[in-house]
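Secondary and tertiary structure notes
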Amino acid sequence: MARAEQAERCVLVLQGGGALGAYQGGVYEALAASDYIPEWVAGISIGAVNAALIAGNPPDKRVSALRAFWTRASSRVPFPSPYEDGWGRKLFNEGAAATIAMTGIPGFFTPRWSTPWTALPGSPEAISLYDTAPLRETLLELVDFDLLNDGPLRFSVGAVNVLTGNFVYFDNRERRIGPEHIMASGALPPGFPPMMIDGEPFWDGGIVSNTPLEFVLDERRADPLLVFQVDLFSARGMMPRTLAEAAQREKDIRFSSRTRLNTDIHKRIAQLQAAAARLIDKLPEHLRDDPDVATLTQHHTCGAVTIMHLINRAEGYESEAKDYEFSRMTVDGHWQSGMDDVARSLASPRWRHRHPPSQGIVTLDLG
């Protein structure tokens, strides 16, 4: 099928969410099989890791690199649950999460065997529970950083400056990216220590915003964008019935994407820009050199945006620990869900018969 949206620049936006990030691997595999290859990939936390595995490998090796990481990450609990659903599966997941909390994840992080209270104040051991050195080795093994920095894909990951509280994006169009930038984006306290970059400490970007969508919208120019926004936490959910369900729902709300807020703001800005342009056209010539008019006209015209919103929906057996439940069975389930959601979305008549907008922002949630 010929793609009407051929002129659109394809962007992949990956939210943070720990073990739930396997869903993004499935999403990428399905998109790549459908010939939707991103020109720009942006991520936060585990989304930054997945983004690096994509940008740091040639197209024919990206899925295998993602698979290698997630197979390694789930190797601590490789055996399946005897239960597909219900309380049996919930207990299995809780046990798997407890195993990870106690023993760590191969190729990702290991527990510190000394307690923070006995460590030297200010040291990594005093302010974090786990050592993320294994993640650095994994990134160096699975990611070609020369390709990530000099290749065709734009790459952006977000982190928070611990000292100033400012949100920062590390972008390969502005600096050389190394393992430390990806690790900084995923350094969620108090589990992980901050990463030092240019002499300053950085934590997980999800503390401020768990999605890089706003950055992508702020950075866009006149070319139209096709954005695949991949969220790992769902903003919608049921009223909790227990304390454990309340904790899970709070986490979902806290880390769920602010997609609607971001798009509503940018839609409003586009409307105001269009209104200003129309008003300026009506002004007499002697007023068009006014400084206020110059201020209104100096902003560039942004291209139209279509956002395909893909959301990892919560399962009934999941708990508050779902973002660190790395059992092989659960990781494979998240991966398959990502593939299935892409297949459903691309098969939707609303997608197959869509016409790319000429201006503004259109959001589609077809899963």
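Residues numbered from 1 in each chain as written. Predicted model: local features only at pLDDT ≥ 70, side-chain atom pairs only at ≥ 80, totals over all residues. Heavy atoms only, no water.

Regarding the overall build of the protein
Spelled out, the test is: Runs of E in the DSSP output that reach at least two residues are strands. Runs of H or I that reach at least four are helices, and both are numbered from the N terminus. In this treatment the radius of gyration is a C-alpha quantity, and the globule benchmark scales as 2.2 Å times the residue count to the 0.38 power. Residue exposure (1.4 Å probe, protein chains only): buried if accessible area is under 20% of the type maximum, exposed if over 50%, otherwise partly exposed. Throughout, a residue-residue contact means that at least one pair of heavy atoms, one from each residue, lies within 4.5 Å. Shrake-Rupley sampling with a 1.4 Å probe provides the accessible areas, and residues are treated as covered by the protein chains on show and by no other component. Counting rule for charge: Lys and Arg are taken as positive, Asp and Glu as negative, and neither His nor the chain ends is counted. A single reference atom marks each charge: NZ on Lys, CZ on Arg, CG on Asp, CD on Glu.
The helix and strand tally for the protein stands at 14 helices and 11 strands. In terms of C-alpha radius of gyration, the protein reaches 22 Å, essentially the compact-globule figure of 21 Å for 367 residues. Each principal axis of the C-alpha atoms in the protein carries an extent, and together these give about 75 × 50 × 45 Å. Taken across its 367 residues, the protein has 50% of its residues classed as buried. In the protein, the proportion of contacts linking residues at least 24 apart, taken out of those at least 6 apart, comes to 74%. Taken as a whole, the protein presents about 17300 Å² of accessible surface, with 57% of it coming from carbon and sulfur. Across the protein, the mean location of the 36 positive side-chain charges is 4 Å away from that of the 45 negative side-chain charges.

Here we look at empty space enclosed by the protein
Here the idea is plain: a probe the size of a water molecule rolls over the atoms and shows the empty space left. Which entries qualify depends on this criterion: The method works on a 1 Å grid over the protein atoms by themselves. A cavity is a set of points holding a 1.4 Å probe that cannot get out, a pocket is an open set with protein on both sides within 12 Å along at least five of seven lines, and residues with an atom within 4 Å of a point line them. Grid points are joined across faces, edges and corners, and a volume is the space filled by probe spheres set on the points. All amino acids are sorted into three groups, where Ala, Val, Leu, Ile, Met, Phe, Trp, Tyr, Cys and Pro are nonpolar, Asp, Glu, Lys and Arg are charged, and the leftover types, Gly among them, are polar.
In this structure the tally under the stated criterion is 1 cavity of 30 Å³ or more. Considered as a void within the structure, the largest cavity measures approximately 40 Å³ in volume. Leu 20, Asn 93, Glu 318, Ser 319, Ala 321, Lys 322, Glu 325, Thr 330 and His 334 together form the lining of the largest cavity. In terms of residue class, the lining of the largest cavity is made up of 2 nonpolar, 4 polar and 3 charged.

Examining the packing of helix 2 (residues 46–55) against helix 3 (residues 62–73)
The criterion, for reference: Fitted lines through C-alpha atoms give the axes, limited to the stretch in contact for helices. The angle between two N-to-C directions lies from 0 to 180 degrees. Comment on the angle field: the value is read as roughly parallel under 35 degrees, roughly antiparallel over 145, roughly perpendicular from 65 to 115, and oblique elsewhere. Working rule for handedness: look at the near helix, and if it is turned counterclockwise from the far one by less than a right angle, call the crossing left-handed; if clockwise, right-handed.
One can describe the packing of helix 2 onto helix 3 by two numbers: an axis separation of 8 Å at closest approach and a directional angle of 140 degrees. Here helix 2 lies oblique to helix 3, going by the angle between them. Both helix 2 and helix 3 take part in a crossing whose hand is right-handed. The segment helix 2 lies against helix 3, with Ile 46, Val 49, Asn 50, Leu 53 and Ile 54 engaging Arg 62, Ala 65, Leu 66, Phe 69 and Trp 70.

Concerning the nonpolar core
Buried together is how nonpolar side chains tend to be arranged in soluble globular proteins. Selection rule: For our purposes a nonpolar core is just a set of buried Ala, Val, Leu, Ile, Met, Phe, Trp, Tyr and Cys residues, chained together by side-chain atoms within 4.5 Å.
Counting residues in each nonpolar core, the largest one holds 67 residues, and the members touching the most others are Phe 69, Phe 155 and Phe 228. The element best represented in this core is helix 2, accounting for 8 residues. Ignoring sequence-local partners within four residues, the contact set of Phe 69 consists of Ile 46, Val 49, Leu 53, Phe 108, Leu 135, Thr 138 and Leu 142. With 15 residues, the next largest nonpolar core counts Tyr 169, Phe 215, Val 227 and Ile 307 among its residues.

Some words on the environment of Trp 335
We count it as follows: A 3.5 Å cut-off defines polar contacts: any pair of N or O atoms within that distance qualifies, except that in protein one atom must be a possible hydrogen donor and the other a possible acceptor, and neighbouring residues in sequence count only when both atoms are side-chain atoms.
Within the fold, Trp 335 resides in helix 13 (residues 328–347). It is 4.3 Å that separates the C-alpha atoms of Trp 335 and Gly 26, two residues lying 309 residues apart in sequence. Within the local environment of Trp 335, its side chain forms a polar contact with the side chain of Glu 29, the two groups lying 2.8 Å apart.

What to know about the environment of Leu 232
Checked against the element boundaries, Leu 232 lands in the loop between strand 9 (225–231) and helix 10 (243–255). Here Leu 232 falls in the buried class, since its relative accessible area comes to 1%. In the structure, Leu 232 is positioned 79 residues away from Ile 311 in sequence and 6.1 Å away in space, judged by C-alpha atoms. Leu 232 has contacts with Gln 15, Gly 16, Gly 17, Leu 20, Gly 21, Tyr 23, Gln 24, Ile 46 and Asn 312, leaving out every residue within four places of it along the chain.

With respect to the UniProt feature "active site" (unreviewed entry) in the protein
Inclusion rule: UniProt positions are given in the numbering used here, feature names are shortened, and annotations may be inferred rather than shown by experiment.
Here the UniProt-annotated "active site" (unreviewed entry) positions come out as Ser 45 and Asp 204. A maximum C-alpha distance of 6.0 Å places the annotated residues, which cover 160 residues in sequence, within one compact spot. When the annotated set is filtered for residues lining the largest pocket, what remains is Ser 45 and Asp 204. Structurally, Ser 45 can be placed in the loop between strand 2 (40–43) and helix 2. Those residues in contact with Ser 45, other than ones at most four positions away along the chain, are Gly 16, Ser 185, Gly 186 and Asp 204. Position of Asp 204 among the secondary structure elements: in strand 8 (residues 200–204).

Let's talk about helix 10
At 3.6 residues per turn, the α-helix brings residues three or four places apart onto the same side. This is how the line gets drawn: Expected helix span is given by 1.5 Å per residue-to-residue step, counting one fewer step than there are residues. Directions pointing from the helix axis toward each C-beta atom define the arc.
Counted at 1.5 Å a residue, the expected span for helix 10 with its 13 residues is 18 Å, and the 19 Å between its end C-alpha atoms agrees. Residues Gln 248, Arg 249, Lys 251, Asp 252 and Phe 255 constitute the buried set of helix 10. Burial along helix 10 is one-sided: seen end-on, the buried residues are contained in an arc of 160 degrees.

Some details on the UniProt feature "domain: PNPLA" (unreviewed entry) in the protein
Per the UniProt record, "domain: PNPLA" (unreviewed entry) is annotated on residues 12–217. For residues 12–217, the end-to-end C-alpha separation is 12 Å, with 41% helix and 16% strand making up the annotated structure.

Thoughts on the pairing of strand 9
Regular strands place their side chains on alternate faces of the sheet. Our working rule: Here a strand pair is declared whenever DSSP counts at least two bridges between the two strands.
Most of strand 9 sits out of view: 7 of its 7 residues are buried. Burial along strand 9 is two-sided: Leu 225, Val 227, Gln 229 and Asp 231 facing one way and Leu 226, Phe 228 and Val 230 facing the other are all buried. Where strand 1 (residues 9–14) and strand 9 come together, 6 bridges link them in parallel fashion. If you follow Leu 12 over to strand 9, its bridge partner there is Phe 228. Bridging between strand 9 and strand 10 (residues 305–311) involves 7 bridges; their strand directions are parallel.

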